[in-house]
Amino acid sequence: MLRFHFLWLLVFCSALNSSSARHGKLNSVPKLDEGNTIRIFCFSYCFMLLGVKIYGIFCFNAAPFAMRISCGARQNIHSPPTNTLWFKDFAYTGGIPANATRPSFITPPLKTLRYFPLSEGPENCYIINRVPKGHYNVRIFFGLVTLTSFDHEPLFDISVEGTQIYSLKSGWSDHDDRAFAEALVFLRDGTVSICFHSTGHGDPAILSLEILQVDDKAYYFGQGWGEGLILRTATRLSCGNGKPKFDVDYSGDHWGGDRFWNPILSFGQNADQRRSTESSIKQASKAPNFYPEALYQTALVSTDSQPDLQYTMDVDPNRNYSIWLHFAEIDNTITGVGQRVFDILINGDIAFQGVDVVKMSGDRYTALVLNTTVAVNGRTLTVTLHPKGGSHAIINAIEVFEIIAVESKTLPEEVRALQVLKNSLDLPHRFGWNGDPCVPQQHPWSGADCQFDRTSHKWVIDGLGLDNQGLRGFLPNGISKLRHLQSINLSGNSIRGAIPSSLGTIASLEVLDLSYNFFNGSIPESLGQLTALRRLNLNGNTLSGRVPAALGGRLLHRASFNFTDNAGLCGIPGLRACGPHLSTSAKIGIGFGVLGLIFLLIICSMVWWKRRQNILRAQQIAARGAPYAKARTHLSHDIQLARHYNHHGNARTAAENGPSLLS
């Protein structure tokens, strides 16, 4: 449609130009008349459409997102022979880095790994952020720690985004296709969590992680396919090929997810013959799966002595499997339609009848892919190609995926509340508490009870059982975010501080046991609002004050409350009687009054001290001037005596006495 608009406008604009030329307007000075305006619009629109076309081509051919992590590495690494970039392992998880032993020659040539001892918890996760929304091939390679003290072959479970995808089985290190786990997953929230769950058989050890974007419609199999499913790779075979290869070794398209193809030269002794060609294969590397062309250049063909081609593999029972079968007629003896026809049976049931590769693909040397989904109750899956009319069967490749339903996650706000609680209580490392608390259901967090909420279609936390676990720290107000809690048992720890009043907002709470800790302060009035509360144990703490009246009244309704061993509590039968009860505002008023009195005493003391200092200073000055004051006093006394003598007739004349000293 875009091409049609573009061509139509070019023709229209050219015709408009030709018309103008015939009327002699091309050599004149351009004017903004109607014709010029239309021409400007036409050419502008053409360039816009051309830009949109170029942008679309660019986006379609853009490289897919790829994140490869070399676990335990301290710097980025380029691995031979393809010069693949592996990012260093920094700030994604816990665990311990160590030197690695590669269990298989198909394992990436990396020298380090990261292992997770049980002392750090049974669940450990890589959390990788900034992953664009899309469809991804997630691959985890396992490793062996290069230390004699470690189990040679650890066994553990693996989950992606809370859904368990794989359990390592004994002997995995002896098989190339078991040295890794791989699954197709939709990622929608910008992050991916890949978790490893200990099963008591050695410490999980991870060599590398790969998160490779594929087409959003990759491996679409029809009804039921979508974001609610994960496709775990059970096997992927390249028939008639003798070397294990990845897509990159086949020069495959990057949008294929760099799949690993395990070689298989024969389904059984004298059961088949190999075929190969160097001719190009049509319809191979196309969306959405982008299979490498070289995959169809080798094949296995049945023989006269064994006309059926049959492949059998071990699977987990009671699962659904998606099977993808690949064909291309590369046998020179087949030249047209009808010369090779066969049925395809899965565990004995016909899945495809009358398959004619040349007819269904349209030509020789043309790729054909058939897909079906089957339910398997037993422990084996058998694919049988049964020829019809004396011909032989042919097959180029086989893919088998286990279909896994995605687990619903825990409500995000409750996960965050548990993480806050983990930090506040200084939860021991042995608890782990990494990943999702409730999923995978095979590995919930220890101490957290889960329940599925059918309203939100999410898991919620309905119980905390962390009694006698050596917890310290304090109980945060954020515990009220766990609004579905029915039971809290934190007894027998060393938790300090006040009981958060926010506990009174958890309306569903039935059991609250905080006994034998170091809680102090008063019992929050808000606990009296918990109408569902039937057992409350606060004994063995250092609480004080009056027990809320609402709690005391609940004792008449068969509730079991224990407040003993709190010397400061009062107000209900069994506890001491309370004195005059003061409200919180009254206590605050008294506190401010006491502070004011203390301040007034300080001011008075300062004034008294200042006055005392002034008096002492005056006395010191007076003491220093005392001798001079005494001399002046004697002089004044002598003068007074002289005047008195002269007044009684003993005075002389002025001439006799000389000049007067006093005027």
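Now for a look at the structure at hand. (Residues numbered from 1 in each chain as written. Predicted model: local features only at pLDDT ≥ 70, side-chain atom pairs only at ≥ 80, totals over all residues. Heavy atoms only, no water.)

1. Describing the overall build of the protein
The helix and strand tally for the protein stands at eight helices and 36 strands. Among the 663 residues that make up the protein, the fraction classed as buried is 45%. The long-range fraction of contacts in the protein, counting pairs at least 24 apart against all pairs at least 6 apart in sequence, stands at 70%. For the protein, the exposed surface amounts to about 35400 Å²; the carbon and sulfur share of it is 55%. (Helix = DSSP H or I, 4+ residues; strand = E, 2+ residues; numbered from the N terminus. Buried < 20%, exposed > 50% of the residue type's maximum accessible area, 1.4 Å probe, protein only. Contact = heavy atoms within 4.5 Å. Areas by Shrake-Rupley, 256 points an atom, 1.4 Å probe, with all protein chains shown as cover.)

2. Side note on the pattern of salt bridges
As enumerated under the stated definition, the model contains 21 salt bridges in all. Note that Glu 402 is salt-bridged to Arg 319, the shortest N-O span being 2.6 Å. Taken together, the residues span a long stretch of sequence, with Glu 402 in strand E26 (residues 397–405) and Arg 319 in strand E20 (residues 319–327) at a distance of 83 residues. For Arg 340, the salt bridge identified is with Glu 329, shortest N-O distance 2.7 Å. Separated by 11 residues along the polypeptide, Arg 340 in the loop between E20 and strand E21 (342–346) and Glu 329 in the loop between E20 and E21 bring together distant segments of the chain. Assessed through its relative accessible area of 3%, Arg 340 is described here as buried. (Salt bridge = Lys/Arg side-chain N within 4 Å of Asp/Glu carboxyl O.)

3. Observations concerning the sheet that holds strand E17 (residues 272–276)
Pairing within the open sheet is antiparallel, and its three strands lie in the order E17-E18-E25. The open sheet terminates on both sides in strands that have one partner only, identified here as E17 and strand E25 (394–395). (Pairing = 2+ DSSP bridges.)

4. Some details on unusual backbone geometry
For the bond from Pro 80 to Pro 81, the omega torsion is -5°, close enough to zero to count as cis. A cis amide bond links Ala 287 to the next residue, Pro 288, at an omega of 5°. Structurally, Pro 288 can be placed in the loop between E17 and strand E18 (298–302). Non-glycine residue Tyr 219 carries a positive phi angle of around 60°.

5. Some remarks on the state of the cysteines
Applying the stated rule across the entire model yields three disulfides. Paired through a disulfide, Cys 125 and Cys 195 show a sulfur-sulfur distance of 2.0 Å. Between Cys 125 and Cys 195 the sulfur-sulfur dihedral comes to about 105°; the bridge is accordingly right-handed. Here the residue Cys 125 occupies a position in strand E6 (residues 123–129), and Cys 195 occupies one in strand E12 (residues 191–201), the gap between them amounting to 70 residues. Cys 195 matches Cys 125 in its accessibility class, with the two residues each being buried. If one numbers only the bonded cysteines of the protein, in the order they occur, the disulfide pattern is 1-2, 3-4, 5-6. (Disulfide = S-S within 2.5 Å.)

6. Some remarks on the side chain of Arg 68
For Arg 68, the location among the structural elements is in strand E1 (residues 66–70). Classification of Arg 68 as buried rests on a relative accessible area of 16%. Engagement of the side chain of Arg 68 in a polar contact is seen with the side chain of Glu 210, the distance being 2.9 Å. Among residues more than four places away in sequence, those in contact with Arg 68 are Thr 84, Leu 85, Trp 86, Phe 87, Leu 209, Glu 210, Leu 212 and Asp 258. (Polar contact = N/O pair within 3.5 Å; in protein donor to acceptor, adjacent residues only side chain to side chain.)

7. Structural notes on helix H4 (residues 412–424)
Because an α-helix packs 3.6 residues into every turn, residues spaced three or four apart end up facing the same way. Along its 13 residues, H4 runs 19 Å from first to last C-alpha, staying within 8% of the 18 Å computed at 1.5 Å per residue. For H4, the complete set of buried residues consists of Glu 414, Val 415, Ala 417, Leu 418, Leu 421, Lys 422 and Ser 424. The elements touched by buried residues of H4 are strand E28 (458–465). Just downstream of H4 lies Asp 426, where phi reads positive at about 50°. (Expected span 1.5 Å × (residues − 1).)

8. Here we look at the pairing of strand E23 (residues 368–376)
Side chains Leu 368, Leu 370, Thr 372, Val 374 and Val 376 of E23 all project onto a buried face; the interleaved residues Val 369, Asn 371, Thr 373 and Ala 375 project onto a face where none is buried. Examined bridge by bridge, E20 and E23 share nine bridges and lie antiparallel to one another. Looking at the pairing, Arg 319 lines up with Val 376 of E23.

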